[in-house]
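Structural overview
Single-letter residue listing:
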Amino acid sequence: MEGGDGGVPVAGLGTLGSGAAAATVRELLQDECYSAFLNEDFDVKTYTSQSIHQAVIAEQLAKLAQGISQLDKELHLQVVARHEDLLAQATGIESLEGVLQMMQTRIGALQGAVDRMKAKIVEPYNKIVARTAQLARLQVACDLLRRIIRILYLSKRLQGQLQGGSREITKAAQSLNELDYLSQGIDLSGIEIIENDLLFIARARLEVENQAKRLLEQGVETQNPTQVGTALQVFHNLGTLKDTITSTVDGYCATLEENISSALDIKVLTQPLQSAVRGGPGRSTMPTPGTTAAFRASLWTNMEKLMDHICAICGQVQHLQKVLTKKRDPVSHICFIEEIVKDGQPEILYTFWNSVTQALSSHFHMATNSSVFLKQAFEGEYPKLLRLYNDLWKRLQQYSQNIQGNFSAGGTPDLCVDLQHTEDDTHDVFIPRQLDYDPEKALKDSLQPYEAAYLSKSLSRLFDPINLVFPPGGRNPPSSDELDGIMKTIASELNVAAVDANLTLAVSKNVAKTIQLYGVKSEQLLCTQGDASQVIGPLTEGQKRNVAVVNSLYKLHQSVTKVVSSQSSFPPAAEQTVLSALKAVHALMGSAVQPLLTSVADAIEAIIITMHQEDFSGTLSSSGKADVSCSLYMKELQGFVARVMNDYFKHFECSDFVFENTEAIAQRAIELFVRNASLIRFLGEGGKMRLAADFAQMELAVGPFCRRVSDLGKSYRMLRSFRGALEAYVQSVRSREGKEFAPVYPIMVQLLQKAMSALQ
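Computed from a predicted structure; not experimentally measured.

The rules behind these values
- Residues numbered from 1 in each chain as written.
- Predicted model: local features only at pLDDT ≥ 70, side-chain atom pairs only at ≥ 80, totals over all residues.
- Heavy atoms only, no water.
- Helix = DSSP H or I, 4+ residues; strand = E, 2+ residues; numbered from the N terminus.
- Buried < 20%, exposed > 50% of the residue type's maximum accessible area, 1.4 Å probe, protein only.
- Contact = heavy atoms within 4.5 Å.
- Areas by Shrake-Rupley, 256 points an atom, 1.4 Å probe, with all protein chains shown as cover.
- Phe/Tyr/Trp six-rings, centres within 6.5 Å; stacked < 30°, edge-to-face > 60°.
- 1 Å grid on protein atoms, 1.4 Å probe; cavity = no way out; pocket = protein on both sides within 12 Å on 5 of 7 lines; lining within 4 Å.
- Points joined across faces, edges and corners; volume = space filled by probe spheres on them.
- Nonpolar A, V, L, I, M, F, W, Y, C, P; charged D, E, K, R; others polar.
- Axes fitted to C-alpha atoms, helices over the stretch in contact; angles between N-to-C directions.
- Parallel < 35°, antiparallel > 145°, perpendicular 65-115°, else oblique.
- Core = buried A, V, L, I, M, F, W, Y, C linked by side-chain atoms within 4.5 Å.
- Disulfide = S-S within 2.5 Å.
- Left-handed = near helix turned anticlockwise from the far one by under 90°.
- Salt bridge = Lys/Arg side-chain N within 4 Å of Asp/Glu carboxyl O.
- pLDDT = per-residue confidence, 0-100.
- Polar contact = N/O pair within 3.5 Å; in protein donor to acceptor, adjacent residues only side chain to side chain.
- Expected span 1.5 Å × (residues − 1).
- Patch = residues over 30% accessible without salt bridge, like charges linked within 9 Å, V, L, I, M, F, W, Y side chains within 5 Å.

Now for the overall build of the protein. Within the protein, the secondary structure is distributed over 28 helices and 0 strands. Taken over 760 residues, the protein has a buried fraction of 39%. The long-range fraction of contacts in the protein, counting pairs at least 24 apart against all pairs at least 6 apart in sequence, stands at 79%. Carbon and sulfur atoms make up 55% of the accessible area of the protein, which totals about 42,600 Å².

Written as structure tokens, this is what we have:
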């Protein structure tokens, strides 16, 4: 405050004043009495009320007066310290006022110039807007007049075209299409001059549409491509081709669904039966036990009619598809089928066929779920139902070929240009098969539940006679009559299933299971104990039972082979299935006789080995002639083979099977005989000649084991080679008549070695 009294501001004083001011401000802020005035929500009334309530008014006033005095001092110090800056700001405010005054003058001048320009622009603009609106109304009026004139002209021309009947119907459709184009995007109501024409056009359009629908229906029913093509051209000109085709196909689908539902309606099927047998109130609609045959006859009659109806409607849709595929618009040259499928939709034939197959599946499922009699009929007589489906598919295929021939031979002049050959002409089928779609399989998918049930019942029918002829604890195979009954069942199942190749294959698998079951049952009867392989005494009971089982299996094998060969057009896969099962039967027959065969082979080997007990070291007799009778072991071998064939193998009826197994025994016996004959030691001249006789008798010994000894192949040729060598040596011995001979054994060994090398 002292510096302020002098009136001369100095730097030291300013600094001192600034420091003092800061200290004063801190004191004021730290004083609780003044801190309330710094709050943003300070209220004078509230502060005053609190001061009065505390009853320290005098003290508060003194405090406030002191604070005001301090603030005044601080303000004075601040003004003194910054008086130069305050003077400079005051001078700047005066200059700013001058600038603002000048800017306001210029803004006023600019506003005046804008007003003058607005006066020059607004009036021409308003005139332009008025003229533009006038021109637009003139254009609308001219366009409307042109439309009216064209409508009047087309209406008059349409009247003449309608009088021409069906010959001018396509031109009438073109006129209606143009009239529709003229009416688009504009309201023609209220124009008196064309009111009558508009009413006439609406009636004419309805008449043309109805006439075209009748023409389409008539052309499809009579398979007339000209009428169908004309009707399609009318709808194309009217712009309703796709909608019309869709509604037509939907109508066919609806009609088919009604026919399917009616054909499977249990009330309709039982109505004739109920009229014959008067029922009481609440009587259920189901056939009585005595009327089941009539019910099924009525059902299959309805099914045949249903298939005829499906075939007829499919033919109509296919004919429509053919015309759509071939017909082109004469103006745009667009094929009509492209208009149908341009949005990625499938062809109408595929759409229709999907609807047919789905309708068959759904209605069959609902009908059989609601009626046990229908379910039993379809499951029990599934081949008849499948035959109807196969006949339907064949008729559709033949019908497709007939349609193709009609299009090729009977084309009319107006279609000759439009009906172009397309890719599907090379496939004379109802619906060409695709990679992901098989139309025939789609048709038969509705029969899958009934096929499974039929195959199950068929397998049961095949198993039942086998289970009857093989009772638990039984020890005898089936008799001939019982086996004939089994074969009749097999033949019946195959004959019934011959209506379809796939069904035949499925039933053939059941037949194979039946043959396997017969084999399992027969195998359980076989005797596998020691008495089954004895060859000492007569046939034991176990051997007799084994013979009966083998004969039974053989009869089964022969009968099944005969049944399969008698089947006409039997699928190769089905035949292979049955033959595979028969191979198992043949293997079982071999297993049944194997113990006996093994015993016979062992006995023969034991007899042949006894040749080493014979004395072959003898010389020629004194008369010069050797004893040429065969050895005792050979006689024993011949007697054993004859006894085995007479006591054991002659009871088998399968001679081919027996010879097939005994030939192996004969080959083994010859090999053993030749091998042991080559090992004989001390072979004299007389023994040499007796051994040659044994070789000759060996052919007779193994003769009963085969039809012809020559059928033994390599073994027989080996026997003949050894026998020839020995006979040649015997002839040389006889020619010498008692002269000195070389040692026999080395010569024999050489002969055997030469024979073996020749055979190899």
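Scanning all chains against the criterion turns up 11 aromatic pairs. Centre to centre, the rings of Phe-364 and Tyr-450 are 6.3 Å apart; their planes meet at 55°, and the pair counts as tilted. Linking Phe-364 in helix H14 (residues 348–370) with Tyr-450 in helix H19 (residues 448–469), this pair joins segments that are 86 residues apart in sequence. With respect to burial, Phe-364 and Tyr-450 carry one shared label: buried. Their ring planes at 35° and their centres at 6.5 Å tell us that Tyr-633 and Phe-673 sit as a pair that is tilted.

This next bit is on empty space enclosed by the protein. Counting across every chain of the model gives 3 cavities of 30 Å³ or more. By volume, the second largest cavity amounts to about 60 Å³. Forming the walls of the second largest cavity are Ala-532, Leu-539, Gln-543, Asn-546, Val-547, Ala-592, Val-593, Leu-596 and Phe-652. Elements with a contribution of two residues or more to the lining of the second largest cavity: helix H22 (541–566) and helix H23 (572–609). For the lining of the second largest cavity, the residue count by class is 7 nonpolar, 2 polar and no charged.

For the pair helix H12 (residues 292–326) and helix H15 (residues 372–380), the least separation of the axes is 11 Å and the interaxial angle reads 70°. Of the possible angle classes, the one that applies to H12 and H15 is roughly perpendicular. Here H12 contributes Phe-295, Arg-296, Leu-299, Trp-300 and Met-303 to the contact with H15, which in turn contributes Phe-373, Leu-374, Gln-376, Ala-377 and Phe-378. For the contact of H12 with H15, a count of residues per class yields 8 nonpolar, 1 polar and 1 charged.

Among the nonpolar cores identified, the biggest contains 173 residues, and Leu-232, Met-303, Phe-352, Val-600, Ile-604, Phe-673 and Met-698 are the most heavily contacted of them. Top element by residues in this core is H23. It accounts for 16 residues.

One pass over the full model with this rule turns up 0 disulfides. Cysteine Cys-314 shares no disulfide, and the gap to the nearest cysteine sulfur, in Cys-311, comes to 7.0 Å. Take Cys-314: its relative accessible area is 0%, and that puts it in the buried class.

Residues other than glycine seldom take positive phi values, yet Gln-223 does so here, at roughly 60°. On the basis of relative accessible area, Gln-223 is assigned to the partly exposed category, the value being 25%. One non-glycine residue, Ser-569, lies in positive phi territory at about 50°. Turning to its location among the elements, Ser-569 is positioned in the loop between H22 and H23. A relative accessible area of 72% means that Ser-569 is categorised as exposed.

Bringing the packing of helix H6 (residues 83–163) against helix H7 (residues 169–183) into the picture now. Where H6 contacts H7, the two axes come as close as 9 Å, and the packing angle between them is 160°. Accordingly, the angle class assigned to the pair H6 and H7 is roughly antiparallel. The two elements H6 and H7 cross, and the hand of that crossing is left-handed. The segment H6 lies against H7, with Arg-147, Arg-150, Ile-151, Leu-154, Arg-157, Leu-158, Gln-161 and Leu-162 engaging Lys-171, Ala-172, Ser-175, Leu-176, Glu-178, Leu-179, Tyr-181, Leu-182 and Ser-183. Its residues placed into classes, the contact of H6 with H7 shows 9 nonpolar, 3 polar and 5 charged.

Scanning all chains against the criterion turns up 15 salt bridges. When the shortest N-O distance is used, the salt bridge between Glu-653 and Lys-555 registers 3.9 Å. Note that Glu-653 is positioned in the loop between helix H24 (632–647) and helix H25 (655–677) and Lys-555 in helix H22, a separation of 98 residues in sequence. Residue classification places Glu-653 among the partly exposed residues on the basis of a relative accessible area of 44%.

A few words now on the environment of Trp-300. Examined against the element boundaries, Trp-300 turns out to sit in helix H12. Note on Trp-300: relative accessible area 6%, which makes it buried. Taking the C-alpha atoms as reference points, Trp-300 and Phe-378, 78 residues apart in sequence, are found 9.7 Å from one another. In contact with Trp-300, other than residues within four places in its own chain, are Ala-377, Phe-378, Glu-381, Lys-384, Leu-385 and Leu-388.

With respect to the helices and strands, the residue Thr-246 is situated in helix H10 (residues 241–263). Relative accessible area serves as the criterion here: at 39%, Thr-246 is assigned to the partly exposed category.

This part is about the confidence of the model for the protein. Residue-level pLDDT values for the protein average 79, and 81% of them are 70 or greater. For the protein, the element scoring lowest by mean pLDDT is helix H1 (residues 2–6), at 38; helix H21 (residues 501–525) scores highest, at 93. Within the model, pLDDT remains below 50 along residues 276–284, and this stretch shows 2 contacts once partners closer than five positions in the same chain are excluded.

Once that is clear, we can look at the environment of Thr-230. Following the sequence through the fold, Thr-230 ends up in helix H9 (residues 225–238). Counting along the chain gives 11 residues from Thr-230 to Gly-219, while the straight-line C-alpha distance between them is 9.3 Å. Not counting the four nearest positions on each side in its chain, Thr-230 is found in contact with Ile-169, Thr-170 and Leu-215. At 2.8 Å, the side chain of Thr-230 and the backbone oxygen of Thr-226 are in polar contact.

Turning next to H19. Relative to the 32 Å expected for 22 residues at 1.5 Å per residue, H19 spans 33 Å between its end C-alpha atoms, a close match to the ideal helical length. Taken together, the buried positions of H19 are Tyr-450, Glu-451, Ala-453, Tyr-454, Leu-455, Ser-458, Leu-459, Leu-462, Pro-465, Ile-466 and Val-469.

Our next topic: a nonpolar patch on the surface. Residues Leu-96, Val-99, Leu-100, Met-102, Met-103 and Ile-107 make up a contiguous nonpolar surface patch of roughly 560 Å² in combined accessible area. Mapped onto the fold, Val-99 is located in helix H6.

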